[in-house]
Amino acid sequence: MNTADPTSAFAITLGDVQQAHERIRSHIVRTPLLESASLNALTGARVLVKAESLQNAGAFKFRGAVNRLLQLSDAEKRAGVVAFSSGNHALATSLVARTLGISASIIMPADAPRAKIEGARANGAEVVLYDRQKDDREAIGAEIAGRTGAVIVPPYDDPHIMAGQGTVGLEIVEQARDMGAPLDIVIAASSGGGLVAGVATAVKSLSPETAVYAGEPAGFDELARSLASGQPESNAPGAKSICDALQVVKPGKLTFPINLDLLSGSLVVTDDEVRRAMKAAYQHLRLVVEPGGAVPLAAVLAGKIDVAGKTVVVVLSGGNVDTPVFIEALNA
């Protein structure tokens, strides 16, 4: 990668994100940047919501997956792909693979939402379940790839994946400009850090004055602690959160240097704050948002950052939630 700037020390540049957007734009949904007068009144800010929950496969992950798979050689397409994911990357990769006629093996935790497991299977993928607490999903993926010759499609630590996710940031800048909205703050959720690294690459390149923050669930706030210490930190084993999409052990090797350089911080929220944000997204915008996707809005509503009088964009990154979990949030 780094085709636009070979001297860059980072895995991707603005040029990579722009090229990815040209490559995938006919395959993706240009998701809307929504605004609610009642949400603005509630927060005392101008809150713009990037509704990636409306993306193909129900999450931003489709962008990175399609950018990666479109660049496979004919031989690689025949060999197929293998991906490991808690859900949204599984849905995205399996849908893109089905569309392009590529076989896919998807490694998912056994406790992933049923909607995500069943969705990957419905897309024709072979789903391999593992124990999140005991098994190594990367080792399982490496074994399958070694045995079948399939190409590994990582969920975040891959330049093509990161550049694809960065197209969210590219669209935010363009859409905010069209709305005449100055971009003060942008917040995107972080698991391995691919989305927020891509978004920050695009936003900080095109709007340097904009502050970009990550959002994380309590117990899985490795990025917040890593940004504070300046080096990758790990989460304690056994942590629990309803945010199934945001559970990794430590920041990505390719994503962390970008996030360390470009982010203003990471905002940490509780499960109860996430539930309230899911309810608010439905009440104010009629959007169905999964727990991990609601984290940026939760940070704003819970006062984790001062947004009074400012324009803040929150990326609602996914909408793939099991019905009981969503009903619980609505009743919170």
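Bear in mind that the values here come from a model prediction, so they are computed numbers and not experimental data. (Residues numbered from 1 in each chain as written. Predicted model: local features only at pLDDT ≥ 70, side-chain atom pairs only at ≥ 80, totals over all residues. Heavy atoms only, no water.)

## Focus: the sheet that holds strand β2 (residues 46-51)
The condition that has to hold: Paired strands, in this sense, are two strands between which DSSP finds at least two bridges. A run of H or I in DSSP becomes a helix once it reaches four residues, and a run of E becomes a strand once it reaches two; helices and strands are each numbered from the N terminus. To define axes, lines are fitted to C-alpha atoms, for helices over the stretch in contact only, and angles between the resulting N-to-C directions are given on a 0 to 180 degree scale.
One open sheet holds the 6 strands; their spatial order is β1-β2-β10-β7-β8-β9, and the pairing between them is mixed. Bordering the open sheet on either side are β1 (33-35) and β9 (265-269), each of which pairs with just one other strand. Adjacent strand axes in the sheet meet at a mean angle of 30°, parallel and antiparallel pairs treated alike.

## Remarks on helix α5 (residues 88-100)
The criterion, for reference: Every helix has an expected span of 1.5 Å times one less than the residues it contains. The cut-offs for exposure are 20% and 50% of the maximum accessible area for each residue type, with area from a 1.4 Å probe on protein chains only; residues under the lower value are buried, those over the upper are exposed, and the others partly exposed. Contacts are assigned to residue pairs that have any heavy atoms within 4.5 Å of one another.
Here α5 spans 18 Å end to end across 13 residues, near enough to the 18 Å set by a 1.5 Å rise per residue. The buried count for α5 comes to 10 of 13 residues, which makes it a mostly enclosed element. Within the span of α5, buried status applies to Asn88, His89, Ala90, Leu91, Ala92, Thr93, Ser94, Leu95, Val96 and Ala97. Buried-residue contacts for α5 involve α3 (61-69), β3 (81-84), β4 (104-109), α6 (114-122) and α8 (159-179).

## So, the side chain of Glu290
Note the cut-off: Any pair of nitrogen or oxygen atoms within 3.5 Å is treated as a polar contact; in protein, a donor-acceptor pairing is required on top of that, and neighbouring residues in sequence qualify only through side-chain atoms on both sides.
Turning to its location among the elements, Glu290 is positioned in the loop between α12 (271-285) and α13 (295-301). At 2.7 Å, the side chain of Glu290 forms a polar contact with the side chain of Lys116. With sequence-adjacent residues up to four places away left out, Glu290 is seen in contact with Asn88, Lys116, Asp244, Ala245, Met278, Gly318, Gly319, Asn320 and Val321.

## Notes on the sheet that holds β3
The 4 strands are arranged β5-β4-β3-β6 in an open sheet whose pairing can be described as parallel. The open sheet has two edge strands with one neighbour each: β5 (126-130) and β6 (151-152). In this sheet, β6 lies alongside β3 in parallel orientation, the contact comprising 2 bridges. Residue pairing in the sheet places Val81 in a bridge with Val151 of β6.

## Some details on a negative patch on the surface
So the rule is basically this: The patches reported here contain residues having more than 30% relative accessible area and no salt bridge. Joining distances are 9 Å for like charges and 5 Å for nonpolar side chains (Val, Leu, Ile, Met, Phe, Trp, Tyr). Surface accessibility in these figures is a Shrake-Rupley result with a 1.4 Å probe; residues are shielded only by whichever protein chains are displayed. Note on definitions: salt bridges are taken to be side-chain nitrogens of Lys or Arg within 4 Å of carboxyl oxygens of Asp or Glu. Charge counting follows a simple rule: Lys and Arg are positive, Asp and Glu are negative, and His as well as the terminal groups are ignored. All charge positions are set by atom: Lys at NZ, Arg at CZ, Asp at CG, Glu at CD.
The grouping of Asp131, Asp135, Asp136 and Glu138 at the surface amounts to a negative patch. Examined against the element boundaries, Asp136 turns out to sit in the loop between β5 and α7 (137-148). Classification of Asp136 as partly exposed rests on a relative accessible area of 45%.

## With respect to the packing of aromatic side chains
Aromatic ring pairs: the centre-centre distance and the angle between the two ring planes describe each pair. Keep this limit in mind: Working definition: rings of Phe, Tyr and Trp (its six-membered ring) pair if their centres are within 6.5 Å, and the pair is stacked with planes under 30 degrees apart, edge-to-face with planes over 60 apart, and tilted otherwise. Lysine NZ or arginine CZ positioned within 6 Å of the ring centre and within 35 degrees of the ring normal marks a charge as sitting over the ring.
Tallied over the entire structure, the rule returns 1 aromatic pair. Ring plane angle 85° and centroid distance 5.9 Å describe the contact between Tyr282 and Phe326, whose orientation is recorded as edge-to-face. Of this pair, Tyr282 sits in helix α12 while Phe326 sits in helix α14 (residues 323-330), placing them 44 residues apart in sequence. Classification of Phe326 by relative accessible area gives buried; the value is 11%. Arg286 extends its terminal NZ or CZ atom over the ring of Tyr282, reaching a point 5.0 Å from the ring centre.

## Description of the nonpolar core
Operational definition: To qualify as a nonpolar core, a set must consist of buried Ala, Val, Leu, Ile, Met, Phe, Trp, Tyr and Cys residues joined through side-chain atoms within 4.5 Å.
Among the nonpolar cores identified, the biggest contains 37 residues, and Val49, Ile187, Val274, Leu297, Val312, Val314 and Leu316 are the most heavily contacted of them. Of all elements in the fold, only β2, β7 (185-189), β8 (211-217), β9, α12, α13, β10 (311-316) and α14 reach the threshold of two or more residues within this core. Filtering out sequence-adjacent residues up to four positions away, Leu316 remains in contact with Val49, Lys50, Ala51, Glu52, Ser53, Ala281, Leu287, Val289, Gly293, Ala294 and Leu297. Core analysis: the next-biggest nonpolar cluster, separate from the first, contains 26 residues, Leu72, Ala104, Ile117 and Val153 among them.

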